[in-house]
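So the chains spell out like this:
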Amino acid sequence: SSELDAVPDFFLCPLTCRLLREPVVAEDGFTYEREAIERHFATGTMISPSTKRRLTTTTTYANHTLTSAIEFWKVNQAAAAAIAAASSVVIAPAPATKEKKSKKKKEGSSSKHHDHHQHHKHSSSGVPDGGQAQQAAAGKPAGGAPPPPPPPGPPP
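Here the structure is a predicted model, which means the values were calculated and not measured.

Let us now look at the overall build of the protein. Looking only at helices and strands, the protein features 5 helices and 3 strands. Taking as baseline every contact in the protein between residues at least 6 positions apart, the subset at least 24 positions apart corresponds to 33%. With the model as given, the accessible surface of the protein reaches about 12,200 Å², and the carbon-plus-sulfur share is 60%.

Structure follows, in structure tokens:
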């Protein structure tokens, strides 16, 4: 959609169908782009382009209120566009460093080897892991073994 689609109709000049830059009110009470209504009057006509009634004067007055409203609308449109643009930016995660990758490889290879052996364990319960997962979920140590000691803390 173009910018013109989003412009409120009353911000458009009825003669040019463009966004008003210098809105002025004519005797008929309608607002026009200054240059457009002056061109209309320059043809020698005293007929309102909006009402088609005869006018007694070609004097126009600046529509300061509408000028302010259009400026306010433009600022809000720019802010909305900036927010929309910022929200469409995708931030990619930082790539892992070589140190982290090599550490993961070492951890992954030793745990894969360990997991491989556990996967083939069977018990009388018929559960491939010997029921260790169920026991761990219940907070019990696997296989009836005592829980492992806590990791060493900082020296006292």
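We are not done yet, so read on.
We now examine the pattern of salt bridges. One pass over the structure, following the stated rule, counts 4 salt bridges. A salt bridge links Arg34 to Glu22; the shortest N-O distance between them is 2.7 Å. Of the two residues, Arg34 sits in helix α2 (residues 34-42) while Glu22 sits in the loop between α1 (3-6) and β1 (23-25), which places them 12 residues apart along the sequence. Given the relative accessible area of 22%, Arg34 is considered partly exposed.

With that out of the way, let us pick up the environment of His40. Looking at where His40 falls in the secondary structure, it is placed in helix α2. Judged by relative accessible area, which is 21%, His40 ranks as partly exposed. For the pair His40 and Thr58, spaced 18 residues apart in sequence, the C-alpha separation works out to 9.8 Å.

If you check helix α3 (residues 64-87), its first and last C-alpha atoms are 35 Å apart, about what 24 residues at 1.5 Å a residue would give, namely 34 Å. The set of residues buried in α3 consists of Leu66, Ile70 and Trp73.

Here we come to the sheet that holds strand β3 (residues 61-62). With antiparallel pairing, the 3 strands of this open sheet are ordered in space as β2-β1-β3. Each having just a single partner strand, β2 (31-33) and β3 make up the two edges of the open sheet. Sheet topology note: the β1/β2 ladder contains 3 bridges and is antiparallel. Residue pairing for β2: Val24 is matched across the bridge by Tyr32. Together, β1, β2 and β3 form the strand contacts of α2, whose direction differs from that of β2 by roughly 90°.

Of the residues making up α2, those classed as buried are Ala36, Ile37 and Phe41. Mapping the buried residues of α2 onto a view down its axis gives an arc of 135°, with all of them on the same face. Those residues of α2 that are buried lie in contact with β1 and β2. Of the residues flanking the end of α2, it is Gly44, one or two places downstream, whose phi is positive at about 95°.

Another aspect to go through is the side chain of Asn63. The topology assignment puts Asn63 in the loop between β3 and α3. Separated by 3.0 Å, the side chains of Asn63 and Thr31 make a polar contact. Of note is the side chain of Asn63, whose polar atom sits 3.0 Å from the backbone nitrogen of Leu66. If we skip the residues at most four places from it in the chain, Asn63 touches Pro23, Val24, Val25 and Thr31.

Our next topic: the nonpolar core. Val7, Phe11, Leu19 and Ile70 are the most contacted members of the largest nonpolar core, which totals 16 residues. Sorting the residues of this core by element identifies α2 and α3 as the ones contributing at least two each. If sequence neighbours within four positions are ignored, Ile70 has contacts with Phe11, Leu19 and Leu20.

Another point: the side chain of Ser48. Within the secondary structure, Ser48 is located in the loop between α2 and β3. A polar side-chain atom of Ser48 sits 3.1 Å from the main-chain amide nitrogen of Ser50. Among the polar contacts listed, one links the side chain of Ser48 to the backbone nitrogen of Thr51, at a separation of 2.9 Å. In this structure, Ser48 is in contact with Asp28, Tyr32, Arg53 and Leu55, ignoring residues within four places of it in sequence.

Cut-off values and rules
Residues numbered from 1 in each chain as written. Predicted model: local features only at pLDDT ≥ 70, side-chain atom pairs only at ≥ 80, totals over all residues. Heavy atoms only, no water. Helix = DSSP H or I, 4+ residues; strand = E, 2+ residues; numbered from the N terminus. Contact = heavy atoms within 4.5 Å. Areas by Shrake-Rupley, 256 points an atom, 1.4 Å probe, with all protein chains shown as cover. Salt bridge = Lys/Arg side-chain N within 4 Å of Asp/Glu carboxyl O. Buried < 20%, exposed > 50% of the residue type's maximum accessible area, 1.4 Å probe, protein only. Expected span 1.5 Å × (residues − 1). Pairing = 2+ DSSP bridges. Axes fitted to C-alpha atoms, helices over the stretch in contact; angles between N-to-C directions. Arc of directions from axis to C-beta. Polar contact = N/O pair within 3.5 Å; in protein donor to acceptor, adjacent residues only side chain to side chain. Core = buried A, V, L, I, M, F, W, Y, C linked by side-chain atoms within 4.5 Å.

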